[in-house]
Amino acid sequence: MFQPVAGSAHFPTLETDVIRFWKERRIYEKSLARPAPQGPFIFFEGPPTANGKPHPGHCLTRAIKDLFPRYRTMRGYRCERKAGWDTHGLPVEVEVCKELGIHSKAEIEAFGVEPFIHKCQESVWRYMQQWERLTERLGFWVDLEAAYVTYHQTFVESVWWSLKTLFDRGLLYQGHKIVWWWAQGGTALSSGEVGQGYREVADPSVYVKFPLLDDAGKPTDTSLLVWTTTPWTLPSNQFAAVHPDLEYSIVQSLAPGDTPGGAPAHGDKLIIASALVETIAKKVGHELQVLSTCKGTDLLGKRYLPPFDYYWQKDSGNEDTGNPIPMGEVVATIVSTGSRIHVAWRVVEAEFVTIDSGTGIVHIAPAFGEVDFQVLLREQSQFRDGMGPPLICAVASDGTFTKDGPEFCRGRWVKDCDKDIQRDLKRHGLLFHQEQYLHDYPFCWRADNDPLIQYPRKSWFVKTSQYKDQMLANNREINWLPEHIKDGRFGNFLESNVDWALSRERYWGTPLPIWVCEKTGRQEAVGSYDELLQKPGIAGTDVWLKAKQANPKLVDDLRVHKPYIDAVTYDSPFSPGARMRRVSEVIDCWYDSGAMPFAQWGYPHQNQAKFREQWPADFISEAIDQTRGWFYSQLAISTLLFGPDAKAESGKLKADDTANRLLPTAHSSFPHPFRNCIVLGLMLGEDGQKMSKSKRNYREPNEIFDRYGADALRWYFFASQPPWTTIRYSEQSIKDSIPEFLLRLWNCYSFFVIYANIDGFDPDKLLSGDVGQLDASVLSRAKSYRPIKERSELDRWILSELHRTAAAVVERMDAYDNYTAASHVTAFVDALSNWYVRRSRDRFWAADKQAVDKLDAYWTLYECLLTTAKLVAPFVPFLAETLWQNLAVAATNGRAAESVHLCDYPSGDATVVDEQLSTQMNLVCDVVSLGRNARVGAKLKVRQPLAKVEIVLAQPKYQAWLESHAGLIREELNVKSVEFAAKADQYVSYSVLPDLKKLGPKVGKRLPAIKSALTTVDAPTLLSQLESTGKVVLTLPDGPVELTGEEIQVRMTAKEGWAAAHGPQAVVVMSTELTPSLIAEGWARELVHAIQGRRKDLNCEYTDRIRVGVVSESAEIAQAVQEFGDEIKGETLCVDLHGKPIAGVTPEESTLAGKPLALYVEVVRS
RNA sequence: GCGCACAUAGCUCAGUUGGUUAGAGCGCCACCCUGAUAAGGUGGAGGUCCCAAGUUCGAAUCUUGGUGUGCGCACCA
């Protein structure tokens, strides 16, 4: 017996039952324990941060991450799913700061790094419960108990190992980086944070003269004119840059009062990009007379006097003569040419110089601009190490001028000095022009009034740029979905690769495991905590021990974090008596996530075999915002660590370095660490805007689950668009997936269960022994089960569709195309519901419970439902489980597979698929649909039987087949006979069209002529020609052309005046003549309809018998009752039908055949 | 500025290697069917397939240019 099924389902309730079932029976664990003939399917979980609330976008990610592992598991793979949490980073610190009401690093230090870290560690789990609930409620099967956590000691130590490996290979180095710096808070900001803080402000815009020097180093009367909106950077000027290809003009500034030819004032011959002469002349309001022009290249190397001379005058200290030499005079040898030039304050070239604004000559202050800094690096690289220009910077990290700045500025906030600097320039005759300039400038997002400045910080880098080609090669082997990511966004991103700035001057992160000798400055990387403890003269570990003693609840993992790890020092191997101290930085938390393929296992300190087995991933998925994030961090780390170089390098390292002997070799060919990656589109809110808490443009996931259920949400994600499109969150669409799919399947299921129980179709009795997964071979053992070949066409058809669908779904799912796969499923469920079940209803209702045809119908529908449950299991795991638990488990008294998720995925039996049958059934559907269409046109409702339907086929070959389905067509269209019109000229007009696809390549340019010729020639003539000769000959202006029957198509159009409709394959004509008998039958059908309505009103059971009295003055109704009484009784389970009122029964009054009708219906109580 | 993607019905989206009359669902209107019934079916209205040029016998589809949107990168001296 099947358990009775409610007519309408409340999916959220069913789903929570299923969750409980999975939990109690440990179904996920059992699914992992299944035999896995296909081997492992490896999945990596991109760690979310539990520090923020989950939103619908996370549901999409987690749904996709569930779909494919579930699918693969059913396909015979073993897919472990280790959860993970991203726990480090600035967002966590910010959250804690908010809570504490503090902002800056100074405030954190004042609060105390130790308690701060404790708070961070606690804060990480703030929304943990919500995440876990969401994960479970969505049906994302993932092992939360075994989750890796990036702050855990084992994880940190893996990261350390990898960093040590990179350090030992010379791939981790210290350098400078120009960062957006929040001086007041003492913190660098990420580009994302900077992007949030742009605001339009008015800054001073100054045009400054840089007097050129002659060969003797004396100022000339000609100056470079440079432009800047940050006057405070001028004291740190090091170069002036021009574009080599631009034309520059030397102009005479004719200020009011000056006269051409008169003695020019000091320096007022100016060099400006020719294209900007006019613009600048207009700005200053007087003429700039062009004296001569030159190219940018002609200016290269020319020396100039910087506007402030502190550094210019400063003792360079790098000459060995003993005599002080001011920096302005320092000369060094260019390695490549051997020539000696001044190292700074000269004109250099730069491609980024434009004529969009300014003067075409750019003031270069390398300390305060990323590109400026690049110029310095390039200049430095021309000289021998240390001989080139040093980085100069007159600003301290708190944003004030140091003693290297102009006297009037020292100790003052740089932006406050702009005015005084302008005044000073003016006094020295160097200020050519000044104005206000409106532009966007970044401010700190945490302190609106603090402008950010670009500032050089010491930073640690991973030399990723050296591995660009290998990363690109690795990328080429990855299967990206959608494909364009590979060469598009991700490929481009790799192309423009720069070294990874790894360090962060923060507190809550993986500490950079580098210890520095306090005396020599030499560095050493440490690969684990144990390794550290083995160091000679180890000290400072007591700081942690004391803290733990004082507070035993402290999580042990904190021992590898700040501030405890900072306290650990040891004897320097580089200098006797010196100590090794850790650098203060932590690392970018993206490195943590990118290290997860090995760090999740604690590799190589433990689980070495596990890592080798679970690497690289077959499948990962995240949204497109992870291109620069997790996708990149994984690829970069893996390529550097496990790429072709790694093995070669490891050979050179110490033999006892176990870590390096453990590099994975089994899969060292690209791609790694992931082979297939679905890049999800961004999810936007209902309003098309980015989802944001403040806008409230989405609903909490939990509310969605409670209202519609997780399956509705999942199906919406999987089936409504390819996953990589930008998806606009739509609650209505989620809601719609219920009637469109879930409920439709549910209806088939509930229909089946209702009638199977009524008829005693009980698999428990029909099937003996082990029933396993109730697949075809098991079912075929059952009593009353007949081979498919022996069943009716309708059964064979739906089973063919079923297996065809299964095969198609598997093909698409193997290609990670859930969208197309889902659309195949939808089409099948639609066919099952709207054609198979509907067409088979009479068979299920047949009186003879043992009729072969009836049992065939049960077995067919049963197999369809069982297989569909398996097919949809990865997509809508809850509904699938609900179906399975009743159809398979309950129905066999628990002998079937415990869960649908422990079944094999159906892949379709090709021997059951009958393509021809599909085509033919489509034709029947078309014909029926056209017939209904014709009825609508003639206003003949389907309840009114008609004498006949005439069908005109475009292709006569299907006639015989359609004839064999006349019964089906008769029923659907409610007609007495089906006929095929041979001579259909009275109903149909023909036209002949070219088959463009076939004809195009053959006749090319003559196609339009043929097209029009075919419309002018009489179609019947052409057709008879075709019939007799097998071809058609057209005469065109440029000669005759011969067309075969293959190359033309005949189109039929129903003529006016008939109840007819036409489609591409057929014209269907309904006979409109009504005989008294037909009319009477029509009334009988009306009566059946009315009686059925009554039954429903009376809440009759499906099996209740009734007595009916039909009281009407209409002779037609009486006639109908008399003539079709048996039919009426049969249809309505009526045991007694007469024309009299029934005592004690309230009649239903209505009108039928134009006369009042009183309908008495009474249930027969047994 | 550069790159990637997207632009098709009121809404959400499909549209296979270029091919005849561009589809689906929802919504709207009309009708129908109904013991699966808070479903189902049929029909209708609704499209300059973002614009322009080109290739082609033929373009929603290919090419080029443009417009708009989203995202990313760079720059903002």
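**Looking at the packing of aromatic side chains**
Using the criterion set out here, one finds 61 aromatic pairs in the structure. On the basis of an interplanar angle of 90 degrees and a centroid distance of 5.5 Å, the ring pair of Trp161 and Tyr603 is categorised as edge-to-face. One end of the pair, Trp161, is in helix α8 (residues 153-168); the other, Tyr603, is in the loop between α20 (596-599) and α21 (608-613), and 442 residues separate them in sequence. Owing to a relative accessible area of 2%, Trp161 belongs among the buried residues under this scheme. Judged by relative accessible area, Tyr603 falls into the buried class, the value being 0%. Between Phe718 and Phe875, the ring centres sit 6.0 Å apart and the planes meet at 75 degrees, which makes this aromatic pair edge-to-face. With Phe718 in helix α26 (residues 710-719) and Phe875 in the loop between α32 (852-872) and α33 (877-889), this residue pair connects regions lying 157 residues apart in the sequence. The structure contains a cluster of three or more aromatic residues connected by ring pairs, namely Phe2, Phe751, Phe752, Tyr755, Phe761, Tyr785, Phe844, Trp845, Tyr858, Trp859 and Tyr862.

**Considering the protein's contact with RNA strand B**
Around RNA strand B, the surrounding shell holds 65 residues, and the nearest of these are Thr228, Val362, Arg628, Glu740 and Arg1095. Sugar and phosphate atoms constitute 57% of the interface atoms of RNA strand B, taking the interface as everything within 4 Å of the protein. Arg943 is positioned such that a nitrogen or oxygen atom in its side chain is 2.2 Å from a phosphate oxygen of RNA strand B. Ranked by residues supplied to the surface near RNA strand B, first place goes to helix α27 (residues 731-759) with eight residues. Here the surface near RNA strand B is composed, by residue class, of 22 nonpolar, 24 polar and 19 charged.

**Section: the sheet that holds strand β22 (residues 570-571)**
Taken in spatial order, the four strands make up an open sheet running β21-β20-β23-β22, and their pairing is antiparallel. Edge strands, defined here as strands with exactly one partner in the open sheet, are β21 (523-525) and β22. Judged from the three bridges that link them, strand β20 (residues 514-517) and strand β23 (residues 579-582) form a sheet pairing that is antiparallel. Within β23, the position partnered with Cys517 by the bridge is Met580.

**Topic: the state of the cysteines**
As enumerated under the stated definition, the model contains zero disulfides in all. Just so you know, Cys97 is unpaired, no disulfide at all, and the nearest cysteine sulfur is the one on Cys120, 7.6 Å from it. Taking the relative accessible area as the measure of exposure, Cys97 reaches 3% and is therefore buried. In this structure Cys1100 is not part of a disulfide, and its nearest cysteine sulfur, from Cys1134, lies 11 Å away. Note on Cys1100: relative accessible area 18%, which makes it buried.

**Brief notes about helix α31 (residues 818-845)**
Spanning 28 residues, α31 covers 38 Å between terminal C-alpha atoms, matching the ideal 40 Å at 1.5 Å per step. In the structure, α31 departs most strongly from a straight axis at Val837, where the bend amounts to approximately 40 degrees.

**Some words on the pattern of salt bridges**
Taken as a whole, this structure holds 65 salt bridges when the rule is applied. When the shortest N-O distance is used, the salt bridge between Glu898 and Arg25 registers 2.7 Å. Placement of the pair is Glu898 in the loop between α33 and α34 (915-937) and Arg25 in helix α1 (residues 11-25), with a sequence separation of 873 residues. Judged by its relative accessible area of 39%, Arg25 is partly exposed. The shortest N-O distance in the salt bridge between Lys948 and Glu950 comes to 3.7 Å.

**Side note on the side chain of Glu524**
Positionally, Glu524 belongs in strand β21. A distance of 3.1 Å separates polar atoms of two side chains, one belonging to Glu524 and the other to Lys535. Dropping the residues within four chain positions of it, Glu524 is found in contact with Phe167, Pro513, Ile514, Trp515, Lys535, Tyr570, Pro573, Phe574 and Met580.

**Notes on the packing of α27 against α33**
With their axes 11 Å apart at the nearest point, α27 and α33 run at an angle of 5 degrees to one another. Classified by the angle their axes make, α27 and α33 are roughly parallel. Contact with α27, carried on its side by Leu742, Leu745, Trp746, Tyr749, Phe752 and Val753, involves Leu879, Thr882, Leu883, Asn886 and Leu887 of α33 and no other residues of that element. Residues belonging to the contact of α27 with α33 are distributed by class as follows: nine nonpolar, two polar and no charged.

**Remarks on empty space enclosed by the protein**
Overall, the coordinates contain two cavities of 30 Å³ or more when judged by the stated rule. Its volume calculated, the largest cavity comes out at about 50 Å³. If you trace the largest cavity, you find it lined by Pro54, Gln130, Leu134, Glu700, Pro701 and Asn702. Listing elements by their share of the lining of the largest cavity, those giving two or more residues are α7 (128-138) and α25 (701-707). Classifying every residue of the lining of the largest cavity gives three nonpolar, two polar and one charged. Each pocket or cavity is described by its volume, and for the second largest cavity that value is around 40 Å³.

**Here we look at unusual backbone geometry**
Residue Leu481 is joined to Pro482 through a cis peptide bond whose omega torsion reads 0 degrees. Turning to its location among the elements, Pro482 is positioned in the loop between β17 (479-481) and α16 (484-495). Residue Pro616 is reached from Trp615 by a cis peptide bond, and omega for that bond is -5 degrees. Summarising the element assignment, Pro616 is placed in the loop between α21 and β25 (617-623).

**Brief notes about the side chain of Gln238**
Mapped onto the elements, Gln238 comes out in the loop between β6 (219-228) and β7 (239-242). Since its relative accessible area comes to 2%, Gln238 is described here as buried. A polar contact is formed between the side chain of Gln238 and the backbone oxygen of Pro390, at a distance of 2.7 Å. Sequence-distant contacts of Gln238, that is, excluding residues within four places in its chain, are made with Tyr304, Ala344, Trp345, Arg346, Ile364, Pro366, Leu376, Pro389, Pro390, Leu391 and Ile392.

**Structural notes on the confidence of the model for chain A**
Looking at chain A, the pLDDT average stands at 85 and 95% of residues meet or exceed 70. Listed scores for the predicted complex are pTM 0.87 and ipTM 0.90.

**Digging into the nonpolar core**
In this structure, Phe752, Leu774 and Tyr862 are the most contacted members of the largest nonpolar core, which totals 176 residues. In terms of residue count, α27 provides more of this core than any other element does, 14 residues in total. Filtering out sequence-adjacent residues up to four positions away, Tyr862 remains in contact with Phe2, Phe752, Phe761, Pro763, Leu774, Leu779, Leu887, Ala888 and Ala891. Grouped together as the second largest cluster of nonpolar side chains are 78 residues, Trp312, Ala367, Leu376 and Val414 included.

**So, the environment of Phe41**
Its location among the elements puts Phe41 in the loop between α2 (27-33) and α3 (56-74). Here Phe41 falls in the buried class, since its relative accessible area comes to 2%. Along the primary structure Phe41 and Trp615 are separated by 574 residues, whereas in three dimensions their C-alpha atoms are 9.9 Å apart.

What counts, and at which threshold
- Residues numbered from 1 in each chain as written.
- Chains lettered and ligands numbered in written order.
- Predicted model: local features only at pLDDT ≥ 70, side-chain atom pairs only at ≥ 80, totals over all residues.
- Heavy atoms only, no water.
- Phe/Tyr/Trp six-rings, centres within 6.5 Å; stacked < 30°, edge-to-face > 60°.
- Helix = DSSP H or I, 4+ residues; strand = E, 2+ residues; numbered from the N terminus.
- Buried < 20%, exposed > 50% of the residue type's maximum accessible area, 1.4 Å probe, protein only.
- Near = heavy atom within 4 Å.
- Polar contact = N/O pair within 3.5 Å; in protein donor to acceptor, adjacent residues only side chain to side chain.
- Nonpolar A, V, L, I, M, F, W, Y, C, P; charged D, E, K, R; others polar.
- Pairing = 2+ DSSP bridges.
- Disulfide = S-S within 2.5 Å.
- Expected span 1.5 Å × (residues − 1).
- Bend = angle between axes of the 7 residues up to and from the residue.
- Salt bridge = Lys/Arg side-chain N within 4 Å of Asp/Glu carboxyl O.
- Contact = heavy atoms within 4.5 Å.
- Axes fitted to C-alpha atoms, helices over the stretch in contact; angles between N-to-C directions.
- Parallel < 35°, antiparallel > 145°, perpendicular 65-115°, else oblique.
- 1 Å grid on protein atoms, 1.4 Å probe; cavity = no way out; pocket = protein on both sides within 12 Å on 5 of 7 lines; lining within 4 Å.
- Points joined across faces, edges and corners; volume = space filled by probe spheres on them.
- pLDDT = per-residue confidence, 0-100.
- Core = buried A, V, L, I, M, F, W, Y, C linked by side-chain atoms within 4.5 Å.

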